[in-house]
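The lines below spell out each chain.
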Amino acid sequence: MASPRLLRRCLLAALSAALIGSAAVGPAHAGSAAPTAAAVTTFSDTFDGPAGAAVDGSKWTLETGDNVNNHERQYYTSGTKNAALDGQGHLVITARKENPAGYQCWYGSCQYTSARLNTAGKFTAQYGHVEARMKIPRGQGMWPAFWMLGTPVNWPDSGEIDVMENVGFEPSTVHGTIHGPGYSGSGGIGAGYTLPNGQAFADAFHTFAVDWAPDSITWSVDGNVYQRRTPADLGGKTWVFNKPFFLILNLAVGGYWPGDPDGSTQFPQTLLVDSVSVTTSDSAAGVPIRGLAGKCVDVAGANPANGTPVQLYDCNGTNAQAWTVGSDGTLRALGKCLDVSGGGTADGTPVQLWDCNGSPAQKWALPAARDIVNPQADKCLDVTGNNSANGTRLQIWTCTGGANQKWTVG
């Protein structure tokens, strides 16, 4: 049997192919021609290569220097001493306790070296599903982050989206935050996500993501949504997140927020990055899914509440009909996921909108036959009673090849 890592990489590749060219993914049902999906741009790095190799220079730039503003203790280096592949499909960002030769930090000698990578000038995204699968370091004073900056950079007016930050004194909690004019630094707007039962994020790999659409950003950890931000959260301040941003990965040491390392912090410390991916649609808010009688998959009343019915309705271009295909096999609208009610597998189980939670009830495959299949049930997304009237509820049903089960994404 293939290793879990190999299977995950194969699935990631298959999903990327589906997004780019609508290739078949998941259970195969009768049919030969793939549906024509909207064009997408996908950034993906799974950090495959020999141990000790540098990151892909066509995707990443290594920054150098210290960080004056945050009073951090590290100096970011170039080369492979602090950022290299491990030969097992990971990028390893290493923080070391050492003074960088020949460099004086703004407040005195630096005490640590580390690395910070960005995609500026190589890749930017505007909207989509942005995620990284990582295993963070542990210890007082450690500050790993996966984040984005708006272009051109004129912080804070150009904006910052923190997909994930962790400070070492909170081993079970990560934070997602937005910064902009009038709400930056300690005034950033965000929330934390805490693992249950005292688990530490440093104990295992986790997937940190945002789903980003015009006027909304939704954060999740391992598919579990924990906050959504819109212009209404800014108290009248300016929303600056409807433009391109580039990606950043870094491991900082010390600073105003995490505080300095102490005697309990063991060095070196590592941030292991398994994969980074960004999927952006050519439609900023997603694409329609058209079916019976040319009508669209629609969230009833454009209501993002859990349990809102998903129905057939005249296509109208609203966000209630704007769906994105996640690299995790989800179909998302209004910051939430298309979900089989109660995780059911029986014919006639209705579908609904629900917080993304990574469960099999929210996984969908798009084979070439133009079905949309829930693999757990091995059943198709279906228009109840083959009824093309507005408001007809969608459900899952044994795949029959009927027109009420045929969909075009985009």
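Below: a short report on this structure. Here the structure is a predicted model, which is why all the values come from computation and not from measurement.

### Regarding the sheet that holds strand E24 (residues 331-333)
Strand pairing in a sheet relies on backbone hydrogen bonds. The paired strands run either parallel or antiparallel.
Step number 1: Strand order across the open sheet formed by four strands is E23-E24-E25-E26, with antiparallel pairing between neighbours. Only two strands of the sheet have a single neighbouring strand rather than two, namely strand E23 (324-325) and strand E26 (351-354).
Step number 2: With four bridges connecting them, strand E25 (residues 336-340) and E26 associate as antiparallel partners. Residue pairing across strands places Val-340 opposite Val-351, the latter belonging to E26.

### As for the packing of aromatic side chains
Step number 1: Under the criterion given, the structure shown has 11 aromatic pairs.
Step number 2: On the numbers, 4.8 Å between centres and 40° between planes, the contact of Phe-43 with Phe-123 is tilted. Here Phe-123 lies in the loop between strand E9 (116-118) and strand E10 (128-135) and Phe-43 lies in strand E1 (residues 40-45), a separation of 80 residues in the sequence.
Step number 3: Phe-43 gets classed as buried once you look at its relative accessible area, which sits at 6%.
Step number 4: On the basis of relative accessible area, Phe-123 is assigned to the buried category, the value being 11%.
Step number 5: Members of the aromatic cluster, joined through ring pairs, are Tyr-127, Trp-212, Trp-239, Phe-241 and Phe-245.

### Some details on the pairing of E25
Step number 1: Along E25, five of the five residues are buried, which leaves the element largely enclosed by surrounding structure.
Step number 2: Pairing between E24 and E25: two bridges, direction antiparallel. Paired with Arg-332 across the two strands is Cys-337, which belongs to E25.
Step number 3: Count of turn residues in the E24/E25 antiparallel hairpin: two residues, of which Leu-334 carries a positive phi of about 55°.

### Some words on unusual backbone geometry
Step number 1: The step from Thr-151 to Pro-152 runs through a cis peptide bond, and the omega angle for that step is -10°.
Step number 2: Summarising the element assignment, Pro-152 is placed in the loop between strand E11 (142-150) and strand E12 (160-165).
Step number 3: Note that the residue after Trp-155, namely Pro-156, is joined by a cis bond; omega there is 5°.
Step number 4: Here Pro-156 is to be found in the loop between E11 and E12.
Step number 5: In this structure, Asn-197 is a non-glycine residue whose phi angle is positive, near 60°.
Step number 6: By the secondary structure assignment, Asn-197 is in the loop between strand E14 (189-194) and strand E15 (206-213).
Step number 7: Phi angles above zero are rare outside glycine, and Ala-302 is one such case at about 50°.
Step number 8: Within the fold, Ala-302 resides in the loop between strand E21 (296-299) and strand E22 (310-313).

### Observations regarding the pattern of salt bridges
Step number 1: This model, assessed by the stated rule, comprises 11 salt bridges.
Step number 2: For the salt bridge of Arg-116 with Glu-63, the shortest nitrogen-to-oxygen distance reads 3.0 Å. Residue Arg-116 is located in strand E9, and its partner Glu-63 is located in the loop between strand E2 (61-62) and strand E3 (74-76); the two are separated by 53 residues in the primary sequence.
Step number 3: The residue Lys-406 makes a salt bridge to Asp-371 at a minimum N-O spacing of 2.8 Å. Remark: Asp-371 occurs in the loop between E26 and strand E27 (373-374) and Lys-406 occurs in the loop between strand E29 (394-397) and strand E30 (408-409); sequence separation between them is 35 residues.

### Remarks on the pairing of E11
Step number 1: Most of E11 is tucked away: nine of the nine residues are buried.
Step number 2: Both faces of E11 are covered, namely the face carrying Met-142, Pro-144, Phe-146, Met-148 and Gly-150 and the face carrying Trp-143, Ala-145, Trp-147 and Leu-149.
Step number 3: Looking at chain direction, E11 and strand E18 (residues 245-253) are connected through nine bridges and run antiparallel. Bridging across to E18, Pro-144 finds its partner in Leu-251.
Step number 4: Here E11 pairs with E12 via five bridges, running antiparallel. Paired with Phe-146 across the strands is Met-164, a residue of E12.

Cut-offs and rules
- Residues numbered from 1 in each chain as written.
- Predicted model: local features only at pLDDT ≥ 70, side-chain atom pairs only at ≥ 80, totals over all residues.
- Heavy atoms only, no water.
- Pairing = 2+ DSSP bridges.
- Helix = DSSP H or I, 4+ residues; strand = E, 2+ residues; numbered from the N terminus.
- Phe/Tyr/Trp six-rings, centres within 6.5 Å; stacked < 30°, edge-to-face > 60°.
- Buried < 20%, exposed > 50% of the residue type's maximum accessible area, 1.4 Å probe, protein only.
- Salt bridge = Lys/Arg side-chain N within 4 Å of Asp/Glu carboxyl O.

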